[in-house]
Amino acid sequence: MNKGMSKVEPPSRGVRFTVGRDAGGRWIVSDREGLIGGLFTDRASAVHFAMFESDHEPGAVCCVPEDVTLSLGPIFETPVSRSPAKSSHMKIVGRA
């Protein structure tokens, strides 16, 4: 650490979650590694999930502009015959 630098809190680790809509208009949350995410019925629920999962760290959640379309990524696009439980890196959270 430089002598002139003194920080009260550690620097932000950057954006961890992205919130936006998919091609079908559903709200999506996806993490930067494509391992955690979900579909939500409204923006507030999507942002709440992302904030909770990132321990409310400032700057960890980014909401993309309306003209940007998101997808959950390849880990969530597995064939029906393959069980998602076979992936030890996947975490799916949701409400019925």
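Residues numbered from 1 in each chain as written. Predicted model: local features only at pLDDT ≥ 70, side-chain atom pairs only at ≥ 80, totals over all residues. Heavy atoms only, no water.

Student: Any chance you could explain the confidence of the model for the chain here in plain terms?
Tutor: Detailed reading of predicted coordinates is not advised where the pLDDT is low. Mean pLDDT for the chain: 74, with 61% of residues reaching 70 or above. Averaged over each element, pLDDT in the chain is lowest for strand β5 (residues 91-92) (48) and highest for helix α1 (residues 43-53) (95). Overall, residues 4-11 carries pLDDT values under 50, and its contacts beyond four positions in sequence, including any with other chains, amount to zero contacts. Across residues 80-92, confidence stays below pLDDT 50; counting only partners more than four residues off in sequence or on other chains, it has eleven contacts. (pLDDT = per-residue confidence, 0-100. Helix = DSSP H or I, 4+ residues; strand = E, 2+ residues; numbered from the N terminus. Contact = heavy atoms within 4.5 Å.)

Student: What is the right way to read unusual backbone geometry from this model?
Tutor: The bulk of non-glycine residues show a negative phi, and the bulk of peptide bonds are trans. Positive phi is not limited to glycine here, since D55 has a value of about 55°. One non-glycine residue, H56, lies in the positive phi region at around 55°. Take H56: it is sitting in the loop between α1 and β4 (61-63). Judged by its relative accessible area of 51%, H56 falls in the exposed class. (Buried < 20%, exposed > 50% of the residue type's maximum accessible area, 1.4 Å probe, protein only.)

Student: Would you mind going over the packing of aromatic side chains with me for this structure?
Tutor: Two aromatic rings are characterised by how far apart their centres lie and by the angle between their planes. Scanning the entire structure with this criterion turns up two aromatic pairs. Taking the centre distance of 6.4 Å and the plane angle of 75° together, the rings of F17 and F49 count as edge-to-face. In this pair, F17 is assigned in strand β1 (residues 17-21) and F49 in helix α1, connecting sequence segments 32 residues apart. Each of the two residues, F17 as well as F49, counts as buried. Taking the centre distance of 5.3 Å and the plane angle of 40° together, the rings of F40 and F49 count as tilted. Of the two residues examined, F40 and F49, each falls in the buried class. (Phe/Tyr/Trp six-rings, centres within 6.5 Å; stacked < 30°, edge-to-face > 60°.)

Student: What is the right way to read α1 from this model?
Tutor: Residue pairs spaced three or four apart in an α-helix point in one direction, given the helix's 3.6 residues per turn. Along α1, the residues classified as buried are A46, F49, A50 and E53. Summarising the axial view, the buried residues of α1 lie within an arc of 95°, below the 170-degree limit, and thus occupy one face. Away from its buried face, by an angle of more than 90 degrees, α1 presents the exposed residues A44 and F52. Capping the start of α1 is the job of one residue whose side-chain oxygen sits 3.3 Å from the backbone nitrogen of A44: D42. After α1 finishes, the residue D55 shows a positive phi value of roughly 55°. (Arc of directions from axis to C-beta. Polar contact = N/O pair within 3.5 Å; in protein donor to acceptor, adjacent residues only side chain to side chain.)

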